[in-house]
Number of protein chains: 2
Amino acid sequence: MPPHPPLDLTKGTVEMAHGAGGRAMAQLVRDVFVAAFDNAALRRGDDQATVAMPKGRLVMTTDGHVVTPRAFPGGDIGSLAVHGTVNDVAMGGAVPLYLTAGFIIEEGFALGELAWIAGSMARAARDAGVSIVTGDTKVVERGACDGLFITTAGVGVITDDRLDISGDRARPGDVLLINGPIGDHGVAILSKRENLAFETPIHSDSAPLNGLVAAMVAAAPGIRVLRDPTRGGLAATLNEIAHQSGVGMVVREADVPVREEVRNACELLGLDPLTVANEGKLVAICPPEDAKTLLAAMRAHPLGEAAAIIGTVTDDPDRFVQMETAFGGRRIIDWLAGEQLPRIC
Amino acid sequence: MPPHPPLDLTKGTVEMAHGAGGRAMAQLVRDVFVAAFDNAALRRGDDQATVAMPKGRLVMTTDGHVVTPRAFPGGDIGSLAVHGTVNDVAMGGAVPLYLTAGFIIEEGFALGELAWIAGSMARAARDAGVSIVTGDTKVVERGACDGLFITTAGVGVITDDRLDISGDRARPGDVLLINGPIGDHGVAILSKRENLAFETPIHSDSAPLNGLVAAMVAAAPGIRVLRDPTRGGLAATLNEIAHQSGVGMVVREADVPVREEVRNACELLGLDPLTVANEGKLVAICPPEDAKTLLAAMRAHPLGEAAAIIGTVTDDPDRFVQMETAFGGRRIIDWLAGEQLPRIC
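Keep in mind that this is a model prediction, so the values were computed, not measured. (Residues numbered from 1 in each chain as written. Chains lettered and ligands numbered in written order. Predicted model: local features only at pLDDT ≥ 70, side-chain atom pairs only at ≥ 80, totals over all residues. Heavy atoms only, no water.)

## Notes on the environment of glycine 92 of chain B
Link 1 in the chain: Structurally, glycine 92 of chain B can be placed in the loop between helix H3 (77-90) and strand S5 (95-106).
Link 2 in the chain: Sequence spacing of glycine 92 of chain B and leucine 226 of chain B is 134 residues, and the spatial spacing of their C-alpha atoms is 7.0 Å.
Link 3 in the chain: With near-sequence residues (within four places) excluded, glycine 92 of chain B lies in contact with Gln48 of chain A together with Ile158 and Ile165 of chain B. (Helix = DSSP H or I, 4+ residues; strand = E, 2+ residues; numbered from the N terminus. Contact = heavy atoms within 4.5 Å.)

As structure tokens, then:
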């Protein structure tokens, strides 16, 4: 039989045959995905990966990624697909170890862009210290999906028996902390989407938070809650936790870090930074006696240099999240009712 | 604030707000997914699940599901999304335990159908003895995806240290077995898609194979390879294994089980059953001395009643998979070059 032509990463496109389970798919998987993610489990060529697992509780998560545009200041759909899943595993207090990646690709997608995105995923995984050990490729006909969707899943392990981190563990009197300024990711996406040029370019904060979390749980194993305020922003995350734990919260407006340029962009765009998505931020809730230690540990890490204590958990049967304004007044921070920024991640 | 209206599962549709990370998404997740998949990890309401893990090697896999139509004789996109991932974990010789589920939904998708599909996933998971412990929901605008895509990932554990099952372990002299007739799934999908009515209705073979695999590895822990011949059919699977292991294969045509009605449908549709997808079949390769024991163990299981020995592994530097015809001749079984049945799973 004639040798199969090599993939043309310059002008070639993804064809239906690349998802058909035959020779073309094997070639795409080998030359694009295995080449980029290179590790022993993937190289073995099975439909599943067998890996060693340290003793401990297992943490699992998954995230679909449909962001548009696929490349934006500070990241792209590939790096986001790695960071999103790494961070959700880390928010369970776990050390992320292995990822899976499922690709749904529209017929006609440029092979060069696919290889570029795979390369970005590989770099993001390396930086986060995780391996993409298995994957899946589906190709759908033109018009059946918007270019490329990536669904990653991740597993990690909690080796420290003392840790018990969940959104249902906040208690009145606990302290709220955040690792830095909010709103960067959403504004970066929107500015690219709307072709807005700001004086100071705004980059997504997309980053792997597992290193920061490792430092935090080592310093303060009594941490009760960790969550990354992605879709829906800080407002949605705090409301979720208040609801799960059956508590209220009071946040001091002046203490919530927001970059000047992000605040200005939000005003221009009619957005509230509290409801704008982040991809490299986390909220931590800890008992009051741990707050100082935890804050110090966060500030000692590059991704927590601008960490701040932003409020406290209250006893409130209505589970209201309230904002204390600079003038001493209070307003309720509600979840966003509708859709502010579709396909932000 | 006014109470949020309940989801209308009769006439309601998925809106962009259902993917926005706010109150509407929380409601969709609670009333559709948590209600259907009901388990302690999901109910906790975090972005990740923390679960106990028996000691052993971890096996991970992922599969995207884009099948059209979404419901077909013998299954639907929901049951398929569970079986596909359960089976890929089982093919590693592992006991599947936990699944994740990522949904990408088109704006305007009927909430009633979504709930029905979630119910089908829940039943399939229960039947397979696995839990769907965490998930993710994205909504894209009308036209940005074709209704619904589901990407599942799964983890399982290998507790028996003797097992070493991989596509690279076939050796000359080994025996090839299959657990039953091929081609049912692809023909079922195609007949529904093309609105064909056969005298004997053909149902997909979609089924969880983990119970069968457990019986097989208990009886013959020396099994070298397990793989489910899905996209690309038996032809692609045998070629993949031949390539991975650096061996050839000879399959006896008369011994490969194909239902009469599937053979007839394939003739009518111009398909070769060898290249048609299956979703409840597996190929096993074992040393010759284990073949009889393994065949008996397969036949003793409801999903292996029609199991058969279909061929042998050969020493062949060209890695050819050959078919021995009823007349004693031989032809090479190649992988499918193009795309025969798009969106079969």
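## Side note on the sheet that holds strand S13 (residues 321-324) of chain A
Residues and elements named next belong to chain A.
Link 1 in the chain: Spatially, S9-S11-S8-S12-S10-S13-S14 is the arrangement adopted by the seven strands of the open sheet, whose pairing is mixed. Looking at the sheet topology across the chains shown, the edges are occupied by strand S9 (225-227) and strand S14 (330-332). On average, each strand axis in the sheet is tilted by 25° relative to the strand beside it, whichever way the strands run.
Link 2 in the chain: As defined by bridge partners, S9 adjoins strand S11 (residues 283-286) across three bridges and the pair is classed as antiparallel. For leucine 226, the partnering residue across the bridge sits in S11 and is alanine 284. (Pairing = 2+ DSSP bridges. Axes fitted to C-alpha atoms, helices over the stretch in contact; angles between N-to-C directions.)

## Let's talk about the interface of chain B and chain A
Link 1 in the chain: With 78 residues of chain B in contact, the opposing surface of chain A contributes 78 residues.
Link 2 in the chain: Among the residues chain B hides against chain A, the three largest losses belong to Arg44, Met60 and Arg231 of chain B. Together they make up 12% of the total.
Link 3 in the chain: In this structure, lysine 138 of chain B engages aspartate 63 of chain A in a salt bridge whose closest nitrogen and oxygen atoms are separated by 3.6 Å.
Link 4 in the chain: Linking chain B with chain A are 44 residue pairs in polar contact (both at pLDDT 80 or more), by the criterion used here.
Link 5 in the chain: The set of elements that each furnish at least two residues to the side of chain B that touches chain A consists of helix H1 (23-37), strand S1 (49-51), strand S2 (57-65), S5, strand S6 (131-140), strand S7 (148-158) and helix H7 (233-245) of chain B.
Link 6 in the chain: Here the residues of the side of chain B that touches chain A are counted per class, giving 35 nonpolar, 22 polar and 21 charged.
Link 7 in the chain: Relative to S1 of chain B, strand S2 (residues 57-65) of chain A runs antiparallel, the two being bridged by three bridges. Note on S1 of chain B: the bridge partner recorded for valine 59 of chain A is threonine 50 of chain B. (Buried area = accessible area lost by both parts, 1.4 Å probe. Salt bridge = Lys/Arg side-chain N within 4 Å of Asp/Glu carboxyl O. Polar contact = N/O pair within 3.5 Å; in protein donor to acceptor, adjacent residues only side chain to side chain. Nonpolar A, V, L, I, M, F, W, Y, C, P; charged D, E, K, R; others polar.)

## Section: the side chain of aspartate 136 of chain A
Link 1 in the chain: When you line up the elements, aspartate 136 of chain A lands in strand S6 (residues 131-140).
Link 2 in the chain: At 2.8 Å, the side chain of aspartate 136 of chain A and the side chain of lysine 138 of chain A are in polar contact.
Link 3 in the chain: Dropping the residues within four chain positions of it, aspartate 136 of chain A is found in contact with Ala101, Gly102 and Phe103 of chain A together with Thr62, Asp63, Gly64 and Arg231 of chain B.

## Topic: helix H5 (residues 184-193) of chain B
All names here are of chain B.
Link 1 in the chain: Among the 10 residues that make up H5, eight are buried, leaving the element largely enclosed by the rest of the structure.
Link 2 in the chain: Of the positions making up H5, those classed as buried are Asp184, His185, Gly186, Val187, Ala188, Ile189, Leu190 and Ser191.
Link 3 in the chain: Buried residues in H5 make contact with strand S3 (71-72), H3 and helix H8 (260-269).
Link 4 in the chain: Directly beyond the C-terminal end of H5, a positive phi value near 60° is found at asparagine 195. (Buried < 20%, exposed > 50% of the residue type's maximum accessible area, 1.4 Å probe, protein only.)

## Structural notes on the relation of the copies chain B and chain A
Think of it as a corkscrew move, a rotation about one axis and a shift along it, taking one chain copy to the other.
Link 1 in the chain: For the pair chain B and chain A, the best superposition has an RMSD of 0.0 Å and corresponds to a rotation of 180° with a translation of 0.0 Å parallel to the axis. Look at the turn and shift together and you get a two-fold axis relating the two. Closest approach to the rotation axis among the C-alpha atoms of chain B is made by cysteine 145 of chain B, whose C-alpha sits 2.0 Å away.
Link 2 in the chain: Interface overlap between copies is the fraction of interface residues in one copy that are interface residues in the other; for chain B against chain A it reaches 100%, indicating a shared surface. (Least-squares fit on C-alpha atoms with pLDDT ≥ 70 in both.)

## Quick notes on the packing of aromatic side chains
Residues and elements named next belong to chain A.
Link 1 in the chain: Per the stated rule, a full pass over the model turns up five aromatic pairs over all chains.
Link 2 in the chain: Consider the rings of phenylalanine 33 and phenylalanine 103, whose centres lie 4.2 Å apart with planes at 20°: the pair is stacked. With phenylalanine 33 in helix H1 (residues 23-37) and phenylalanine 103 in strand S5 (residues 95-106), this pair connects stretches of sequence that are 70 residues apart.
Link 3 in the chain: Overall, the relative accessible area of 3% leaves phenylalanine 103 in the buried class.
Link 4 in the chain: Among the aromatic residues, ring-to-ring pairing joins Phe33, Phe37 and Phe103 into one connected group. (Phe/Tyr/Trp six-rings, centres within 6.5 Å; stacked < 30°, edge-to-face > 60°.)

## Let's talk about the confidence of the model for chain A
Link 1 in the chain: Mean pLDDT over chain A works out to 95, with 99% of the residues at or above the 70 mark.
Link 2 in the chain: This prediction of the complex comes with two scores: 0.97 for pTM and 0.97 for ipTM. (pLDDT = per-residue confidence, 0-100.)

## Quick notes on unusual backbone geometry
Glycine aside, a negative phi is what most residues show, and trans is what most peptide bonds show.
Residue and element names in this part refer to chain A.
Link 1 in the chain: The omega torsion of the bond from threonine 68 to proline 69 falls at 0°, within 30 degrees of zero and hence cis.
Link 2 in the chain: Within the fold, proline 69 resides in the loop between S2 and strand S3 (71-72).
Link 3 in the chain: Unusually for a residue other than glycine, asparagine 195 sits at a positive phi of about 60°.
Link 4 in the chain: Position of asparagine 195 relative to the elements: it lies in the loop between helix H5 (184-193) and helix H6 (210-219).
Link 5 in the chain: By relative accessible area, asparagine 195 is classed as exposed at 71%.
Link 6 in the chain: In this structure, arginine 343 is a non-glycine residue whose phi angle is positive, near 50°.
Link 7 in the chain: Structurally, the position occupied by arginine 343 is in the segment after S14.
Link 8 in the chain: The exposure class of arginine 343 is buried, given its relative accessible area of 6%.

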